[in-house]
Structures are given as C-alpha cells and as structure tokens.
Amino acid sequence: MAGILRLRTVTLMASIFPERITVVDVTPGLGLVETQSAELFTPDRPLRMAGGAELTSVTVAYETYGELNAAKDNAVIVCHALTGDAHAAGWHDGDKRPGWWSTLIGPGKAIDTNRWFVISPNLLGGCQGTTGPSSVNPATGHVYGLDFPLLQVRDFVTVHRALLEHLGISRLHAAVGGSLGGMQVLQWALDFPDQLDQAIVIAASAGLTAQNIAFSAVAREAIMLDENFLGGRFAEQGKNPDIGLAVARMMAHITYLSEDAFTEKFGRAPQGATSDPGFGVDFAVESYLRHQGETFVSRFDALTYLYLSRVMDYFDPFGDATPPQISPQGPKILVVSFDSDWRFATEHSLRIVKQLAARGAGVSFRQIHSPWGHDSFLLDVPDYLDTIRAFVEAEVSTGRALRPDLRRIASQVPRGSRVLDLGCGEGELLRHLARQGCVVTGVERDGAAMVEAIRAGVPVLGLDLDTQLDEFADGSFDVVILSRTLQAVMQPAEVLRQMSRIGDHLIVSMPNFAYWPHRLRLMSGDMPRSSDLPYRWYDTPNLHYATLASLEALFDSLGLVTEKRYALSPSGRSVGAGANLRASSAIYVLASSRGS
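A. Structural context of the overall build of the protein. Across its full length, the protein holds 16 helices and 21 strands. Relative to the 2.2 N^0.38 estimate, which gives 25 Å for 596 residues, the radius of gyration of the protein is 28 Å and therefore close to what a compact globule would have. By the burial criterion, 54% of the 596 residues in the protein qualify as buried. A separation threshold of at least 6 residues defines the contact pool for the protein, and within that pool the share at least 24 residues apart is 70%. Surface exposure of the protein reaches about 25500 Å², of which carbon and sulfur atoms provide 52%. For the protein, the separation between the mean place of its 51 positive charges and that of its 65 negative charges on side chains is 9 Å.

B. Broad picture of the nonpolar core. Among the nonpolar cores identified, the biggest contains 109 residues, and Leu124, Tyr305 and Leu356 are the most heavily contacted of them. Top element by residues in this core is helix α7 (residues 302-314). It accounts for eight residues. Not counting residues within four places of it along the chain, the set of residues in contact with Leu124 comprises Leu47, Met49, Leu55, Val58, Thr130, Thr131, Phe148, Leu151, Asp155, Phe156, Val159 and Leu308. Membership of the second largest hydrophobic core comes to 68 residues, among which are Ala284, Val336, Leu385 and Tyr566.

C. Looking closely at the pattern of salt bridges. Here the structure, examined in full by the defined rule, presents 23 salt bridges. With a closest N to O distance of 3.1 Å, Glu236 and Arg233 form a salt bridge. Looking at Arg233, the relative accessible area reads 24%, which means it is partly exposed. Ionic pairing is found between Arg418 and Asp478, a salt bridge with its closest N-O pair at 2.9 Å. Residue Arg418 is found in strand β15 (residues 418-422), and its partner Asp478 is found in strand β18 (residues 477-483); the two are separated by 60 residues along the sequence. Overall, Arg418 belongs to the partly exposed group, its relative accessible area being 33%. Where salt bridges share partners, they join Asp112, Arg115, Arg389, Glu393 and Glu395 into one cluster.

D. Main features of the packing of aromatic side chains. As enumerated under the stated definition, the model contains 17 aromatic pairs in all. Ring centres of Phe472 and Phe477 lie 5.8 Å apart, and the angle between their planes is 75°; this geometry places the pair in the edge-to-face category. No difference in accessibility class separates Phe472 from Phe477, as the two residues are buried. For the pair Phe513 and Tyr545, a centre-to-centre distance of 4.8 Å together with 45° between the ring planes defines the contact as tilted. Note that Phe513 is positioned in the loop between β19 (503-511) and α14 (516-523) and Tyr545 in the loop between α14 and α15 (548-557), a separation of 32 residues in sequence.

E. Representation of the confidence of the model for the protein. Per-residue confidence for the protein averages 90 on the pLDDT scale, and 93% of its residues sit at or above 70. Counted against residues more than four places away or in other chains, residues 1-27, with its pLDDT under 50, gives 52 contacts.

F. Quick look at the pairing of strand β11 (residues 172-178). The buried fraction of β11 is high, at seven of seven residues. Two elements, strand β7 (residues 75-79) and β11, share four bridges in a ladder whose sense is parallel. The residue of β11 that forms the bridge with Ile77 is Ala175. Since β11 and strand β12 (residues 196-202) lie parallel, the crossover through helix α2 (residues 180-191) that links them has a hand, and here it is right-handed.

G. Main features of the packing of helix α3 (residues 210-224) against α7. Viewed as axis vectors pointing N to C, α3 and α7 meet at an angle of 160°, and their least axial separation amounts to 10 Å. Judged on the interaxial angle alone, α7 and α3 are roughly antiparallel. As for how α3 packs across α7, the hand of that crossing is left-handed. Judged by residue contacts, Ile213, Ser216, Ala219, Arg220, Ile223 and Met224 of α3 engage Ala302, Tyr305, Leu306, Ser309, Arg310 and Asp313 from α7. Broken down by class, the residue content of the contact of α3 with α7 amounts to seven nonpolar, two polar and three charged.

H. Geometry of helix α11 (residues 428-435). Taken together, the buried positions of α11 are occupied by Glu428, Leu429, Leu430, Arg431 and Leu433. Buried residues along α11 sit in contact with α10 (404-411), β15, β16 (439-443), α12 (447-455) and β18. The positive-phi residue at the C-terminal boundary of α11 is Gly437, with phi of around 90°.

I. Quick peek at the pairing of strand β21 (residues 585-591). Counting buried residues along β21, seven of its seven residues qualify, which places the element largely inside the surrounding structure. Note that β19 and β21 share seven bridges and pair antiparallel. Within β21, the residue paired with His505 across the bridge is Ala591. In this structure, strand β20 (residues 561-568) lies alongside β21, joined through seven bridges in antiparallel fashion. Pairing of Thr562 across the sheet is with Leu590, part of β21.

J. Geometry of α15. Of all the residues in α15, the buried ones are Leu548, Leu551 and Phe555. One side of α15 carries all its buried residues, which in axial view fall inside an arc of 65°. Exposed side of α15, more than 90 degrees from the buried face: Asp556 and Ser557 are the residues found there. Residues of α15 that are buried sit in contact with α13 (492-502), β19, β20, α16 (579-582) and β21. With its phi angle positive at about 75°, Gly559 sits one or two positions after the end of α15.

Analysis parameters
Residues numbered from 1 in each chain as written. Predicted model: local features only at pLDDT ≥ 70, side-chain atom pairs only at ≥ 80, totals over all residues. Heavy atoms only, no water. Helix = DSSP H or I, 4+ residues; strand = E, 2+ residues; numbered from the N terminus. Rg over C-alpha atoms; globule rule 2.2 N^0.38 Å. Buried < 20%, exposed > 50% of the residue type's maximum accessible area, 1.4 Å probe, protein only. Contact = heavy atoms within 4.5 Å. Areas by Shrake-Rupley, 256 points an atom, 1.4 Å probe, with all protein chains shown as cover. Lys, Arg positive; Asp, Glu negative; His and termini not counted. Charge placed at Lys NZ, Arg CZ, Asp CG, Glu CD. Core = buried A, V, L, I, M, F, W, Y, C linked by side-chain atoms within 4.5 Å. Salt bridge = Lys/Arg side-chain N within 4 Å of Asp/Glu carboxyl O. Phe/Tyr/Trp six-rings, centres within 6.5 Å; stacked < 30°, edge-to-face > 60°. pLDDT = per-residue confidence, 0-100. Pairing = 2+ DSSP bridges. Right-handed = clockwise from strand over helix to strand, strands pointing away. Axes fitted to C-alpha atoms, helices over the stretch in contact; angles between N-to-C directions. Parallel < 35°, antiparallel > 145°, perpendicular 65-115°, else oblique. Left-handed = near helix turned anticlockwise from the far one by under 90°. Nonpolar A, V, L, I, M, F, W, Y, C, P; charged D, E, K, R; others polar. Arc of directions from axis to C-beta.

The following block contains the structure:
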C-alpha cells in the first residue's frame, strides 16, 4: 500500500538473529499483504498424485505481490522451503516480522515487484492454509493424520500449475526456490520446460546424501516418539508433540547455519552473568536453540514436518531410466550455492549443473561466498542478490564491438557449433557467437564479470579451470576456446588435456613473451609490459610466460595438431615470417585427438 514505509533488516534476518534491530527505509514498500485461498481440486476434479492416490478436495493458500500485466508474461512463482509458507514478502497486520523472503522480493529488490507479478503458494501438505495431513478428510470427517498420502515433489508442481490455471496464467517468466523450493523448481523445469522462461534453483539438492537423510530421520523420530504424538491422532485428543517438534527444529537449525555463524554469534558465551555448571541452559547457544524450538512449535505442525521432510529424502529427479531432455531453447536455468552451506554443499549444486548440461539445458552456476551457511539464501548477501537480479532481468545484448583477436576467433567457429569459452569474461565473444546460431556456454571465476555475462543472457558457470573441468562430459562441445587465459592457470598442460577431452577442436590464444619489444625491455633489466601483457610483475594474474615456439612445443607434446595459426601484431594485423620475434600474440586452431 502506497505510503506505508518499508522496514529493512540492516544486518541479518530477525528469524536467525532476533535481537538485531531494524530501521525505517523511506522508500515505499509492499506494505500490508493478505493471504488468499483457492479450492483447486474437487470431487469432480480430484488431484491425482504421483504415487497413485487421489485427493478429492485441495485448498491452497497463496499471496501475490505486484501487478499482472496485460500480456500476462511477467509472472514469477516462488516455491518455499521445508518450514516456509505463503507469506514470502510484505507484512501481515499485527506481525512483527516481514515475509520470509523480503530480502529478495519487493519494490526495487532482486525480484522487483514494480516489474514482476510474484505468486507465493503454500505447499500441498502445508499447515498454513493449504490442504495437508492436519486437514479434515472429507471421506471420514476426521483429521487425515498419517492417512494422508505420501507426497512427491511432482505433486507440489501439479498443484502450483493448477494455481496458475486458476489465476489465468499459462506461462511463467521465472520459477524460483531455495532448498526444498529449489527442488520444486528443478522438477518443474524437467517435466514442463515449455512453461518456464527461467528456473532458479538455490541451495538445493537432486539427491540427499546419507547424512542428510540421517538428520531428517532423527528429527522425525523425535516427533513420533513424543508421548503426545499418539500415532498422529494428537489433535483429536487435544494434544501436541511439542517436545519432539521443538527438538526436531533445534537439530535442523544447527544444520542451517555454518560453524562460523555460530561462532560469531555465540562463541562460548555463557547464558546469563553467572552460571553453575550442570545440565541446564548454561551457554548462550543453548538458549538460542531452545528459543528456536519453542517459537517453531507455535507456528508449525508436526505432521507437516514429517511429510515435507520425507519428500526431500526420496527426491531423485535424475534417477529416471529415460531422463527428459531440455532444449537449449528451453528455460534458462540458474543454479546457486553457498560456500559455507554444509547441509546442501556446492557438490549438490554441481551435480544438478552436470545433469542439466548433459540434457542440453542452458545452465548458469555460481557459488556465492557467505559465512552464514544454508540459510544464506534468506539473507541480505549482495553478490547473491545481484546475481539473481541480473538473471531475472537478463536481456540479450549486442554487447561492445569485438576486439580484433576475438573477431578472428569468431571467424573460426562454424555456425551452429556447441561452444565452450573458458575464461569468457563478460561474455562478449559468446554473445556474438549466439547471434551466429551457436549454442554457447562460458566459464568465468570473476564475480563481477559473471554477473555482467548473466545480465546479457549468456549461460556462464563459475568453475575453476584448474580443478573443475572434469564437470564436463567427453565430447560435449564442438569447439572449446581459451582466449588469453592459458598463462593464468596453474597447470596449462592439464587444462589443454581437459580441453581436448571435452571438445573436438580447440582455439587457444596467448601473448608472446618473445615479442621483440619484450626482449629489449628484458635486456634493459626490466620486466616487459605491453597491450598484451599489461600488468606489472607484482600484480599480474599471469602465472606462466611462453614464447610461440615453446607453446607450439607443448601442443606437440600433447598430441594436439595445429590446423591454423594466426600470429598477430598489437593492432591485430597478421604477421608473416619471424612470428616468434615479430608477433605480440597468436591464435591457434587445434584438432584434439577426438577431432583429428
């Protein structure tokens, strides 16, 4: 509502650090929002679930933010995590805290409600207005309890799609979710890629590890062994398994934060000024976890916790015997992980990226630095929010005019090729090649350059060239490009070997350390600098310097066949005889053992 001031959390979300203060931000915000409700399935149109069961009555709670445009092409759906609900942004009347994803959603934020119409539904099986195990079974007149059918992630997607139909929306600009929400987005992209322009999968997994399953198993045991669980019929007897549910939340919350977050927040601080050692709440961290458990019991349902946590255990979208293919013209997909998340560590995200790439998807990936662990996706982490915004608002750009050497490289790439550019920077070359009908992917480690490439619509992966090229399958690209980057990697020979495994043809360019002005500079006793070697020796990213002769010897030793060589002057003009002396750089078109 116009005129209502937005409250902005200036440090971390109050759900994790409840005593941190908020300040008034004078920019207009979403203000008060209301939760709506829709009956999406009825006896005449039952919900047929992935496991074979049917529900004859399904009501869904949801919220919306922003305005749907006339073309109905600006819709973004938010899929919530295990203990989330429909209230993702704005404020409810009387609430002390904003929606759980207010860091991401709102006017001028990463998902800008001045531009996008955002839909946030509560999950099937939820406990905040959507049909779940604590709802009344119309067939019996009693609460479902453990008679509620087991859920699959596909069931969530089915209900989300029914909500879109109810709202008159046939296609989404984006689906975005973190943790369990990311699993829903991934399943949607695999099953119904034609309904999405974009899919954003944050801090998620496509197959829980034994350790993850173990954490959930202990949480469920705590609930089911509570004396007030009563076989799931506790509500009928006016009971609630408060102790078990609180313990489940306390243990899970430990997995949501990193060790650094706990150390910064609590260290070994005692609870209170004085404390006699014993088995009470002696440390501040113990008090904090107890508070989390008590608060959770007041807003969440034990049965929902059982059902939604079990969904995650069984989620395995790539386990199908005939996995679906995703066209490069299908949804653009962004996968994000956090380096301190040990619940769903970056390896989980890389598995998703690898599987999607193998299915032909245009996928970007970035690992974000954050000290706060799994819950980082809920927090104000600028690199993360900038990356999401760049992706959601990406527009294919013509970009700047190509450098002369990049124009030469582009001329050597056949139209329609599958191209991998290692060290792609802001993606200028790939933008050009995409306009030539090529299917392109970039690899880049610099965060600012990655964001610009993503903003320009270039699929880019934040991988380390020295250690992570094994994420690419054999022969997965027609052309692999390494432009002015070989000298900056730790192991040039190994990078070239990986390139020859990944692609049929390689294009490699590199400065020539034996260029005659460089020789003169060395003879004068100083390190050379030029347009091709612009850095001072003490602040250069370059780790290795090579002459053209030594570079060609390396190619020969690796069995790479030089098909073409373009020796270039600083202006990009071709150099003929005496290239090892007269050329400032060179471009090589090489055939790998695969392509030769």
